[in-house]
Structures are given as structure tokens and as C-alpha cells.
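Chain by chain, the residues run as shown.
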Amino acid sequence: RTDTPMLELRDLRVFYGAIEALKGINVKVYEGEVVALLGANGAGKSTTLRTASGMLSPRDGQVLFHGERIDGIKSHDLVRFGIGHVPEGRRVFPRMTVRENLEMGAYRFKAPDPDDMDRVFTLFPRLSERRTQLGGTLSGGEQQMLAIGRALMGKPELLLLDEPSMGLAPLIVRQIFDILEEINKQGTTVLLVEQNASQALQLADRGYVLETGSVAMADEASALLADPRVRAAYLGEG
Ligand code: ATP
């Protein structure tokens, strides 16, 4: 492909003190795609996402959005560029209602767009039923839905998701992945980090496998799903 990626991580090196968490990784996400970042615990998946979302700054390398450098721009400003982040652990505001949490997601606008609120309530009927309930009283799956809905209120072109399946029952995970597929069909590009390689590769167009801070494999999701090394290491086979 020769067109400019929506997001490009170029030769990224990221450190925590003296620990080199990313050792020069390259990742591209094209408009309309779902891309999955896979790998074992500590491989660097979350670090990659945190760097893309402006929570961490790379020591070397670049983060490009539509070909423009965005590394060094803070998370809350990247929302203005059309990058939405669903962080690890959801970070729902526990003392605000579902509706207020969603309104917070629209902070880059003068006011929340009621059409976006309707869209979120259509995608997540459970949130609609619980719109006056406090965020802290929701189940884990509902909080994940709320975190995704809140990000959608910022009208993201690109949605970054860190482990949406974390700690959730398989049925809820499936529901959330079905909704992510719908969100992607409606036009949002998705980059997601997942321990659940099977679910992630079923949804994704392409995937990258990280190992100790480097990209070990990069391929079409279907090729990764069929790869014996991926099956043995990440799909619990062999
Ligand atoms: P996990 O699924 O366990 O979060 P991951 O693939 O997302 O794994 P990262 O969280 O990106 O991995 O971690 C990459 C490396 O950086 C690991 O060696 C980890 O111990 C280290 N690391 C991550 N966060 C910090 C931190 N805040 N301070 C120091 N080291 C960190």
C-alpha cells in the first residue's frame, strides 16, 4: 500500500527509567481498518497504545497521524485531532451518572451532540436503561461499554482500546466485540490491544505480535490465526 496511514508508529523507542519497553517498533493503521496488537504480558502492548494516545512520550521515533507528527502532544489535546482512547481499566467516573460520563466524553465541543448520545444508547441499550445510574454501580462489562461510549462522544476517527475484554465473562466479551465491529462498520478506525488473541483476530483486519518490545510478526489477521506459532503461543494450542 502506498497511501498515507491514518496512524503510523515509526521506529518508536520508549523507556520507563532505564527499562527499554519498546525497542524500535513500526506499526501502521490505515483508514477503515481494525488492527490488533497482541503479545504476552509485558511485551509492550499497553506502552505502544499509551504512546499513540499521548500518555507517554517516545525517546526516539515518531507518532504520525495522517502524516503529521503528534508525538509530544498530550492525551487531552489529541482528542481534538479525532483520536479517542479507551484506557486500561476503563476509568469511568464513579460518582457521575452514565449520562454525565458520556457528556464528559464530548468535552472538546461546546456541548455534547444529542445525535451522538442517541447513537451510543442505540449501540448500548444497557447504558440507555441505566442512564441515571452512577458509573461506580455498573458491572465491569457495563463500565467497559460506558468507556467506549464516552470515547465515541468525542467523534473519534480513530479509537484506541486497551484490553477491552479484561476481566469480563466470555458472553460480555463477545457482545463488546460485536459492538466494536459495528462501530468500525459505521466508519471508525480501530487499534486495539488484547490478551484475548482469538477474539481480537476474529475482529481485526491485521495484527502485530509484540515480543519483549519488538514486533515479532505482522500480518493479515487470518494469516496470524492460522499460524502455528501464534496458535501455540497465544491461542492456547500446541
Ligand atoms: P500487560 O498486558 O501485562 O499490560 P503489555 O504487553 O501491555 O503487558 P507493557 O505494560 O507495555 O506490556 O509493559 C512493557 C514493559 O514495560 C514491561 O517490561 C513492563 O514491566 C514495563 N513497564 C510497564 N509499565 C511500567 C512502569 N510504569 N514503570 C516501569 N516499567 C513499566
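Residues numbered from 1 in each chain as written. Predicted model: local features only at pLDDT ≥ 70, side-chain atom pairs only at ≥ 80, totals over all residues. Heavy atoms only, no water.

(A) Layout of the site of the ligand. Lining the immediate surroundings of the ligand are 13 residues, of which Gly 42, Gly 44, Lys 45, Ser 46 and Thr 47 lie closest. Measuring from an oxygen atom of the ligand, one finds a backbone N or O atom of Gly 44 at 2.8 Å. At a separation of 2.5 Å, an oxygen atom of the ligand approaches a polar side-chain atom of Thr 47. Coverage of the ligand by the protein chains reaches 63% of its 620 Å² of free accessible surface. With 3 residues, helix H1 (residues 45–52) is the single largest residue contributor to the shell around the ligand. Broken down by class, the residue content of the shell around the ligand amounts to 4 nonpolar, 6 polar and 3 charged. (Near = heavy atom within 4 Å. Polar contact = N/O pair within 3.5 Å; in protein donor to acceptor, adjacent residues only side chain to side chain. Areas by Shrake-Rupley, 256 points an atom, 1.4 Å probe, with all protein chains shown as cover. Helix = DSSP H or I, 4+ residues; strand = E, 2+ residues; numbered from the N terminus. Nonpolar A, V, L, I, M, F, W, Y, C, P; charged D, E, K, R; others polar.)

(B) Molecular detail of H1. Of all 8 residues in H1, 7 are buried; the element is thus mostly enclosed. Taken residue by residue, H1 has Lys 45, Ser 46, Thr 47, Thr 48, Leu 49, Thr 51 and Ala 52 as its buried positions. Backbone geometry just downstream of H1 places Gly 54 in the positive-phi region, at approximately 85 degrees. (Buried < 20%, exposed > 50% of the residue type's maximum accessible area, 1.4 Å probe, protein only.)

(C) How the structure looks around unusual backbone geometry. Backbone geometry at Asp 11 places phi at a positive 50 degrees, although glycine is not the residue there. Within the secondary structure, Asp 11 sits in strand S1 (residues 7–16). Of note, His 66 is a non-glycine position whose phi angle comes to about 50 degrees, a positive value.

(D) The pairing of strand S3 (residues 34–39), seen in detail. Of all 6 residues making up S3, 6 are buried, and the element is well covered by its neighbours. Alternating residues of S3 divide into Val 34, Ala 36 and Leu 38 and Val 35, Leu 37 and Gly 39, and every residue in both groups is buried. Here S3 runs beside strand S9 (residues 206–211); their pairing, made up of 5 bridges, is parallel. Residue Leu 38 lies in a different strand from S9, and its bridge partner there is Val 209. (Pairing = 2+ DSSP bridges.)

(E) Up close: the side chain of Glu 33. Assignment of secondary structure puts Glu 33 in the loop between strand S2 (19–29) and S3. A polar contact is formed between the side chain of Glu 33 and the backbone nitrogen of Tyr 30, at a distance of 2.8 Å.

(F) Just helix H7 (residues 170–185), in detail. Spanning 16 residues, H7 covers 23 Å between terminal C-alpha atoms, matching the ideal 22 Å at 1.5 Å per step. Taken together, the buried positions of H7 are Ile 172, Val 173, Ile 176, Phe 177, Ile 179, Leu 180, Ile 183 and Asn 184. Mapping the buried residues of H7 onto a view down its axis gives an arc of 160 degrees, with all of them on the same face. Opposite the buried face of H7, at more than 90 degrees from it, the exposed residues are Pro 170, Leu 171 and Lys 185. Where H7 ends, the next residue or the one after it, Gly 187, has phi of about 120 degrees, a positive value. (Expected span 1.5 Å × (residues − 1). Arc of directions from axis to C-beta.)

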